[in-house]
Amino acid sequence: FYFRSSDGYVIYMGADKYENEDLIKYGLPEDVWFHVEDLSSAHVYLRLNKNERLEDVPQSSIQECSQLVKANSIEGCKLNHVHIIYTRWRNLKKTADMDVGAIGFHDSSKVKKVRIEKDPVIVKQISKTKEEKFPNLAEAQELRAAEFRADAKKERIANLNAEK
């Protein structure tokens, strides 16, 4: 499922643990992952703009992703407040012995946490932007990797020309 934040960011969410597994596997460097801490929930991703830092994301978009992940947690949606954890996709760690949809972190100090209260207004607002799409995630990841390699090559050439 795809959504659009009030700040214009693309947000996407796995429909089940198998789709979450694909999202873990085929994420992009610009993706930020959200989950309810210590409870089962959907995996929600916010796609940053190229070269954007997580610190630059408006709190309104962080709040919308947090509300969306809380609303899509079987246990979390019933609670008045929960803690939401979020981190860059590249910080997610998946090992062969983990259950489907489960993840760990390469560096737990890079995981941010926010406490949120239930806010049905935000959930209703973000839900109005919902679209169901079935993109080829592997292809999108490869296209982004090719773009990254091309940008790196241009930068190397520019640096070599600047040294001449």
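Refer to the structure printed above.
Cut-off values and rules
Residues numbered from 1 in each chain as written. Predicted model: local features only at pLDDT ≥ 70, side-chain atom pairs only at ≥ 80, totals over all residues. Heavy atoms only, no water. Pairing = 2+ DSSP bridges. Helix = DSSP H or I, 4+ residues; strand = E, 2+ residues; numbered from the N terminus. Axes fitted to C-alpha atoms, helices over the stretch in contact; angles between N-to-C directions. Core = buried A, V, L, I, M, F, W, Y, C linked by side-chain atoms within 4.5 Å. Buried < 20%, exposed > 50% of the residue type's maximum accessible area, 1.4 Å probe, protein only. Contact = heavy atoms within 4.5 Å. 1 Å grid on protein atoms, 1.4 Å probe; cavity = no way out; pocket = protein on both sides within 12 Å on 5 of 7 lines; lining within 4 Å. Points joined across faces, edges and corners; volume = space filled by probe spheres on them. Nonpolar A, V, L, I, M, F, W, Y, C, P; charged D, E, K, R; others polar. Salt bridge = Lys/Arg side-chain N within 4 Å of Asp/Glu carboxyl O.

Trainee: Any chance you could break down the sheet that holds strand β2 (residues 10-13) for me, citing the residues and the numbers?
Mentor: In spatial order, the strands read β1-β2-β4-β3-β5-β8; together these six strands make up an open sheet with antiparallel pairing. Whereas interior strands pair on both sides, the edge strands pair on one side only; in this sheet they are β1 (2-4) and β8 (112-117). Between one strand axis and the next, the sheet turns through 25 degrees on average, direction left out of account. Where β1 meets β2, three bridges bridge the pair, whose relative direction is antiparallel. Across the sheet, F3 pairs through a bridge with I11, a residue of β2.

Trainee: Can you lay out the nonpolar core for me, pointing to particular residues and giving the numbers?
Mentor: Counting residues in hydrophobic clusters, the biggest one holds 22 residues, and the most contacted among them are I11, F34, V44 and L46. If you list the elements that add at least two residues to this core, you get β2, β3 (31-36), β4 (44-47), α2 (59-71) and β5 (81-88). Per element, the largest residue contribution to this core is four residues, and it comes from α2. Each residue touching I11, except ones within four places of it in the same chain, is listed here: F1, Y2, F3, S5, V44, Y45, L46, C65, L68 and I126.

Trainee: Provide a residue-level description of empty space enclosed by the protein, including the pertinent values.
Mentor: By the definition in use, this model includes one cavity of 30 Å³ or more. Space inside the largest cavity adds up to approximately 30 Å³. Residue composition of the lining of the largest cavity, by class: four nonpolar, one polar and three charged.

Trainee: I'd like a description of the pattern of salt bridges, backed by residues and values.
Mentor: Throughout the structure, instances matching the rule amount to nine salt bridges. For D56, the salt bridge identified is with R53, shortest N-O distance 3.2 Å. On the accessibility criterion, D56 (40% relative accessible area) is partly exposed. Between E117 and R115 there is a salt bridge; the shortest N-O distance is 2.6 Å. The partly exposed category is assigned to R115, whose relative accessible area is 46%.

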